[in-house]
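# Chains, contacts and geometry: an overview
This is what each chain is made of:
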Amino acid sequence: MGGTASNLPKELLSEYQELTFLTKQEINEAHKKFCQLQARENGPNERVSMQNILTLPELKSNPFRERVCHVFSTSDRKDGSLSFEDFLDLLSAFSDSATLEIKSHYAFRIFDFDDDGTLDSEDLKKLVNCLTGETDDARLTLEEMRQLIGNVSPSHRGQTAIRSASLTQTRFLLQILEESDIDKDGTVNLSEFQHVISRSPDFVSSFKIVL
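Residue numbering note: each chain is counted from 1, following its sequence as written. Where totals are concerned, whole chains, interfaces and linings use all residues; where local detail is concerned, this predicted model gives features only for residues with pLDDT of at least 70, and gives and counts side-chain atom pairs only at 80 or more. Water and hydrogen atoms were dropped before computing side-chain values, which therefore reflect all heavy atoms in the structure.

## Looking at the overall build of the chain
To keep it simple, the criterion reads: Strands are runs of DSSP state E lasting at least 2 residues, helices are runs of H or I lasting at least 4, and numbering of each runs from the N terminus. Relative accessibility decides the category of a residue: with a 1.4 Å probe and only protein chains considered, values under 20% of the type maximum give buried, values over 50% give exposed, and everything between is partly exposed. Note on contacts: a residue pair qualifies if any of its non-hydrogen atoms lie within 4.5 Å across the two residues. We get accessible surface area from the Shrake-Rupley algorithm with a probe of 1.4 Å; when it comes to residues, only the shown protein chains can shield them.
In terms of helices and strands, the chain carries 12 helices and zero strands. Listing each helix as α and each strand as β along the chain from the N terminus yields α-α-α-α-α-α-α-α-α-α-α-α. A total of 211 residues make up the chain; the buried ones form 44% of that total. Contacts spanning at least 24 positions in sequence make up 54% of the contacts within the chain whose residues lie at least 6 apart. Total accessible area computed for the chain in this model is approximately 11900 Å², and 50% of it derives from carbon and sulfur atoms.

Right, dumping it as structure tokens:
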């Protein structure tokens, strides 16, 4: 693959359609976008760097954008770069047509920051920082972090409206994760997470990226 051509061979297009939840039109649009990103790379390259992938407006505003790249990347370098097939897998999982099982599987992997197969307190701390922001002004204090993870509502005194909204969203997600810990061992595994997500109808509609 290379250059800026956006038309895929019919056989390959059909194969990609069979292996993803995307339509042929969506696959061609994805290929066109990927080739545009590829053209920004230095020299011929089958992969697009995470830096260039994150210039996409659809990903730029996602608080988990870097985790998304790392989860879908098949690079041996673990650098978050994507091949076209990686890019299609990403768009397929985030498409409206993807099943709840697929979406919850990848959501779990994205939240599992240390890739150990469980969501624990360290994953939750990183998740909270992603949602509230990593800047000094936005980052939660240790007390706020303790209160959130301890399921206690922190004081909103002196917080901006944006910060308050971020904390509300964070508490909602933490509540979902707490409910997921069915065996109450302090960690959430994939089956526990998927069990709770199956009862959250808004999850499917919110877990999407459309080019």
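## Section: the environment of Phe-111
Mapped onto the elements of the fold, Phe-111 is located in helix H7 (residues 100-111). For the pair Phe-111 and Val-71, spaced 40 residues apart in sequence, the C-alpha separation works out to 9.8 Å.

## Details of unusual backbone geometry
Even without a glycine there, the phi angle at Lys-78 is positive, about 55°. With respect to the element layout, Lys-78 can be found in the loop between helix H5 (65-72) and helix H6 (84-93). Phi at Asp-115 is positive, roughly 55°, even though this residue is not glycine. Considering the arrangement of structural elements, one finds Asp-115 in the loop between H7 and helix H8 (121-132). You can call Asp-115 exposed: its relative accessible area is 56%.

So far we have only geometry, and geometry alone does not tell us how the molecule works.
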